[in-house]
Amino acid sequence: MAVVFKDSYLVGLIGSGIGPSLSPALHEREADRQGLRYLYRLIDIDVLGLGPEAVGDLVRAARDLGFDGLNITHPCKQLVIPHLDALAPQAEALGAVNTVVFEDGRAVGHNTDVTGFAASFARGLPDVPLERVVQLGAGGAGAAVAHATLTLGAGQVTVVDALADRAAGLAGSLNRHFGPGRAAAAAPDRLADLLAQADGVVHATPTGMAAHPGLPFPAGLLRPDLWVAEVVYRPLETELLRTARAVGCATLDGGGMAVFQAVDAFRLFTGREPDSVGMLADFAEMARGAEHSAGHAV
């Protein structure tokens, strides 16, 4: 697309319970660095008294009011799709949208969760083995990081979820996209055997957030040569990461995914190249000072 450079932008985030989100400050600080006027508004369906199905009306209203784009988070990432005019290939493959760009009156859906996790992983765990990866969680974040992990060259990802149908659905979707045998589904009671043979584990469930404290599996299943990647970023150091580091595991926190999905969204909204190093530093400062400790990777 032909990018029209402007000096002012209006963007927003649609989702539920998004008051603690760091996205507004993350985007606005980067805009300040680039000398842009940039207003990032929270559109919280809880505050508005609306259900998730209202996302289509909100997207249309934002477009009519002159917004340049929107981020979309839980629980609207799938529900928004029928209300868009087009999907980028990544969003179409994933069946989820976390970024909408308004261009020439059209609403185009993208997914920067996938690219965000991939960039964070490549930066934070650049040389780890990827032949056998176990992933806990097959929800929205899980789908994105599983796509990212296979895009990075993982041999096989085994998806473990308490909901068997959800795990099987994600594994089937991954095999259709990446080729037969690249993904498998498993029940939680197989986790000990799977981790014993795995190179690494990706954690994509809410366990570890302030509202869901604890470990997603027994600490005894960790070993020094198992790498551990986390999607939760509030708190930045979850109990899983703390325990894994004590064991000697290479680890990756969820902050990088939060930053790099914002880096990619900023680029889509403005057509300008963000300062990812500056945004990582901004995030680290904000995460340390944040009073709230529950949230999504947006």
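In the block above lies the structure referred to throughout.
Thresholds applied
Residues numbered from 1 in each chain as written. Predicted model: local features only at pLDDT ≥ 70, side-chain atom pairs only at ≥ 80, totals over all residues. Heavy atoms only, no water. Helix = DSSP H or I, 4+ residues; strand = E, 2+ residues; numbered from the N terminus. Rg over C-alpha atoms; globule rule 2.2 N^0.38 Å. Buried < 20%, exposed > 50% of the residue type's maximum accessible area, 1.4 Å probe, protein only. Contact = heavy atoms within 4.5 Å. Areas by Shrake-Rupley, 256 points an atom, 1.4 Å probe, with all protein chains shown as cover. Pairing = 2+ DSSP bridges. Core = buried A, V, L, I, M, F, W, Y, C linked by side-chain atoms within 4.5 Å. Salt bridge = Lys/Arg side-chain N within 4 Å of Asp/Glu carboxyl O.

Our next topic: the overall build of the chain. Scanning the chain for helices and strands turns up 11 helices and 12 strands. The C-alpha radius of gyration of the chain comes to 19 Å, within 12% of the 19 Å expected for a compact globule of 298 residues. Referenced to the eigenvectors of the C-alpha coordinate spread, the extents of the chain come out at roughly 55 × 40 × 35 Å. Per-residue burial for the chain yields a buried fraction of 52% across its 298 residues. Considering only intrachain contacts with a sequence separation of at least 6, the fraction spanning at least 24 residues in the chain is 71%. When the accessible surface of the chain is split by element, carbon and sulfur atoms take 53% of a total near 12,500 Å².

A few words now on the sheet that holds strand 10 (residues 200-203). Strand order in the open sheet formed by six strands is 9-8-7-10-11-12, and the pairing between neighbours is parallel. What marks the edges here is a single partner per strand, and that holds for strand 9 (183-186) and strand 12 (251-252). In terms of strand pairing, strand 11 (residues 227-230) meets strand 12 through two bridges, oriented parallel. From the neighbouring strand, A229 faces strand 12, where its bridge partner is L252.

Looking now at the nonpolar core. F117, F121, W227 and A229 are the most contacted members of the largest nonpolar core, which totals 32 residues. Elements with a contribution of two residues or more to this core: helix 5 (112-124), helix 6 (140-151), strand 8 (156-160), helix 7 (164-178) and strand 11. Take this core: its biggest share by element is six residues, from helix 6. Setting aside its immediate chain neighbours within four residues, A229 contacts F117, F121, L125, V201, V202, H203 and L252. I72, A91, V100 and A107 belong to the second largest nonpolar core, which has 18 residues in total.

On to the environment of A185, then. Within the secondary structure layout, A185 lies in strand 9. Taking the relative accessible area as the measure of exposure, A185 reaches 34% and is therefore partly exposed. Separated by 20 residues in the primary sequence, A185 and D165 have C-alpha atoms spaced 9.1 Å apart. With residues near it in sequence (within four places) discarded, A185 still touches V159, A167, A168, A171 and R190.

Once that is clear, we can look at the pattern of salt bridges. Counted under the stated rule, the structure contains 16 salt bridges. Across the salt bridge formed by E237 and R245, the nearest N and O atoms sit 2.7 Å from each other. Through salt bridges with shared partners, a single ionic network connects R29, E30, R33, D275, D282 and E285.

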